[in-house]
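Now for the letters of each chain:
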Amino acid sequence: MNAQTTKLIPILTVAGSDCSGGAGVQADLKTFSAHNLFGMSVILSIVAENTVRVISSFDVPTKSIDEQFEAVFEDIPPQAIKIGMLGSSEIIQCVAQNLKTYKPNNIVIDPVMFAKNGFPLMPESTRAEFKSSMLTFADILTPNLPEASELCGFAISTIDDMKKAALTLHQMGAKSILIKGGHKEGNADDVFYDGKEFHIFSAPKVATKNTHGTGCTLSSAIASNLALGKSYKQSIKLAKEYVFGAILHSLNLGKGNGPTNHFYRFYGDKKSVKNF
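By the naming in an unreviewed UniProt entry, the protein is hydroxymethylpyrimidine kinase, taken from Helicobacter fennelliae MRY12-0050. Its UniProt record, at the heading Pathway (unreviewed entry), says of the protein: "Cofactor biosynthesis; thiamine diphosphate biosynthesis."

Laid out in structure tokens, this is it:
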């Protein structure tokens, strides 16, 4: 009997590992699978963390990072890439050089700076390097309000502030920017600037503490939809719907901020989240 083969679209996460499974590479791979994609990874850092705290972070040697990129791109080139935690200047330079070498399409960069408890996943000393070396690779940059404020150098609290930040980041080199509004009061209104126009994406907030890994999940969901051939706006819209459902059906695991439910569409209570 002959085997039946299935071909899935390949997609890559370049990020840190979260041993507790809620964020980082683990969240990205779950998100890719939930979108029926073939997920691959280049691991940059190994983070010992759980729903309560970050214990430590160990950066992978750049030689290993280079070889992971080589292994992926010589055999299964991805249709989109999500880039997350960049824990040192050396890693930023290494990733930037590999992006120059392999020239991938559909790059979504999530400028991960802080864990939920405030642990600096991108040390302050490396943030200038991130701005100068990485922003020009971002087809879509997805900072939350604290990250956008850190990158831009001014406080952000209103929609107008978010628009100003998006323009600033575009001038720094990002091709398009999604400023995530989950940290502000009221609805989770995000501002997207595509280089020409602003678009507002709105969603209600879900009353839950279980939001570990939501930023990772959103950026990897956007990359997933780009890999599937969706436009930037459609990719963001679909990703927000997916993350809303993952939070709505979040998992009550751990003693702190529990993880979202990446596979809520496949089992359990299937409440409709279409258009929220």
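Chemist: Just to check I follow, could you spell out the overall build of the protein for this structure?
Modeler: Counting its regular elements, the protein contains eight helices and nine strands. For the protein, the spread of C-alpha atoms along the three principal axes comes to 55 × 45 × 40 Å. Long-range pairs, those at least 24 residues apart, make up 66% of the contacts in the protein with a sequence separation of at least 6. Of the roughly 12500 Å² that the protein leaves accessible, carbon and sulfur atoms contribute 52%.

Chemist: Looking at this model, I keep getting lost on the nonpolar core. Mind explaining?
Modeler: In summary, soluble globular proteins display a tendency toward joint burial of nonpolar side chains. Core analysis: the biggest nonpolar cluster contains 44 residues, and Ile 83, Val 95, Phe 130 and Met 134 have the highest contact counts within it. It is helix H3 (residues 89-102) that contributes the most residues to this core, six residues altogether. Counting 23 residues, the second-largest nonpolar core is a separate cluster that includes Ile 11, Phe 32, Leu 178 and Phe 201.

Chemist: Is there a simple way to think about the packing of helix H7 (residues 214-227) against helix H8 (residues 232-248) in this case?
Modeler: Packed helix pairs are specified by the crossing angle of their axes together with the interaxial distance, meaning the distance between the axes. Interhelical geometry of H7 versus H8 gives an angle of 140° and a closest axis separation of 8 Å. Comparing their axes, H8 and H7 come out oblique. When you trace H7 past H8, the crossing you get is right-handed. Between H7 and H8, the residues in contact are Thr 214, Thr 217, Leu 218, Ala 221, Ile 222, Asn 225 and Leu 226 and Tyr 232, Ser 235, Ile 236, Leu 238, Ala 239, Lys 240, Tyr 242, Val 243 and Ile 247, respectively.

Chemist: I'm lost on the pattern of salt bridges in this one. Help?
Modeler: Pairing between side chains becomes possible if they bear opposite charge and their charged atoms approach one another. Within the structure shown, the criterion is met by seven salt bridges. Across the salt bridge formed by Asp 28 and Lys 82, the nearest N and O atoms sit 3.0 Å from each other. Taken as a pair, Asp 28 in helix H1 (residues 24-34) and Lys 82 in strand S4 (residues 81-83) lie far apart in primary sequence, 54 residues in all. This pair shows no difference in class: Asp 28 is buried, exactly as Lys 82 is. The partner of Glu 150 in a salt bridge is Arg 127, with the nearest N and O atoms 3.2 Å apart.

Chemist: Is there a simple way to think about the packing of aromatic side chains in this case?
Modeler: Any two aromatic rings considered together are summarised by their centre-to-centre distance and by the angle between their planes. Evaluation of the coordinates by the stated rule reveals six aromatic pairs. Where Phe 73 meets Tyr 102, the ring centres are 4.6 Å apart and the plane angle is 15°; that geometry is what we call stacked. Of this pair, Phe 73 sits in helix H2 (residues 62-73) while Tyr 102 sits in helix H3, and the two are 29 residues apart along the sequence. Tyr 102 gets classed as partly exposed once you look at its relative accessible area, which sits at 28%. On the basis of an interplanar angle of 35° and a centroid distance of 5.9 Å, the ring pair of Tyr 242 and Tyr 264 is categorised as tilted. Linking Tyr 242 in helix H8 with Tyr 264 in the segment after H8, this pair joins segments that are 22 residues apart in sequence. Given the relative accessible area of 4%, Tyr 264 is considered buried. Put simply, the rings of Phe 69, Phe 73 and Tyr 102 touch in pairs and so form one group of aromatic residues.

Chemist: I'm lost on H1 in this one. Help?
Modeler: Because an α-helix packs 3.6 residues into every turn, residues spaced three or four apart end up facing the same way. Among the residues of H1, those classed as buried are Gly 24, Val 25, Ala 27, Asp 28, Thr 31, Phe 32 and Ala 34. Buried positions along H1 lie against strand S1 (10-18), strand S2 (38-49), S4, H7 and H8.

Chemist: In this structure, what is going on with the side chain of Thr 142? I would like to understand it.
Modeler: Among the structural elements, Thr 142 can be located in the loop between strand S6 (140-141) and helix H5 (145-152). Relative accessible area serves as the criterion here: at 0%, Thr 142 is assigned to the buried category. Side-chain polar atoms of Thr 142 contact the side chain of Asp 110, separated by 3.5 Å.

Conventions and cut-offs
By convention here, each chain's residues receive numbers from 1 onward along its written sequence. Local features in a predicted model are, by the rule used here, given only for residues with pLDDT of at least 70; side-chain atom pairs are given and counted only at 80 or more, and totals for whole chains, interfaces and linings are based on all residues. To get the side-chain values, take all heavy atoms of the structure and skip hydrogens and water. UniProt positions are given in the numbering used here, feature names are shortened, and annotations may be inferred rather than shown by experiment. Under the scheme used here, helices are H or I runs from DSSP no shorter than 4 residues and strands are E runs no shorter than 2 residues, and both carry numbers assigned from the N terminus. Note on contacts: a residue pair is in contact if any heavy atoms of the two residues lie within 4.5 Å. Reported accessibility uses the Shrake-Rupley method at a 1.4 Å probe radius. Residues are deemed covered only where the shown protein chains occlude them. Only buried Ala, Val, Leu, Ile, Met, Phe, Trp, Tyr and Cys residues count toward a nonpolar core, and they belong to the same one when joined by side-chain atoms within 4.5 Å. Only protein chains enter the accessibility calculation, which uses a 1.4 Å probe; a residue is then buried when its area is under 20% of its type maximum, exposed when over 50%, and partly exposed in between. An axis is simply a line fitted to the C-alpha atoms; with a helix, the fit covers only the stretch in contact. Between two such axes, the angle follows the N-to-C directions and lies from 0 to 180 degrees. Angular relationships are summarised with four words: roughly parallel below 35 degrees, roughly antiparallel beyond 145, roughly perpendicular across 65 to 115, and oblique for the angles in between. A crossing counts as left-handed when the near helix is turned anticlockwise from the far one by less than a right angle, and as right-handed when that turn is clockwise. Salt bridges are identified by distance alone: a Lys or Arg side-chain nitrogen within 4 Å of an Asp or Glu carboxyl oxygen. Here the aromatic set is Phe, Tyr and Trp, taking the six-membered ring for Trp, and pairing holds for ring centres within 6.5 Å; pairs whose planes are under 30 degrees apart are stacked, those over 60 apart are edge-to-face, and all others are tilted. We call two N or O atoms a polar contact when they sit within 3.5 Å, provided that within protein one can donate a hydrogen and the other can accept it, with sequence-adjacent residues counted only if both atoms are side-chain atoms.

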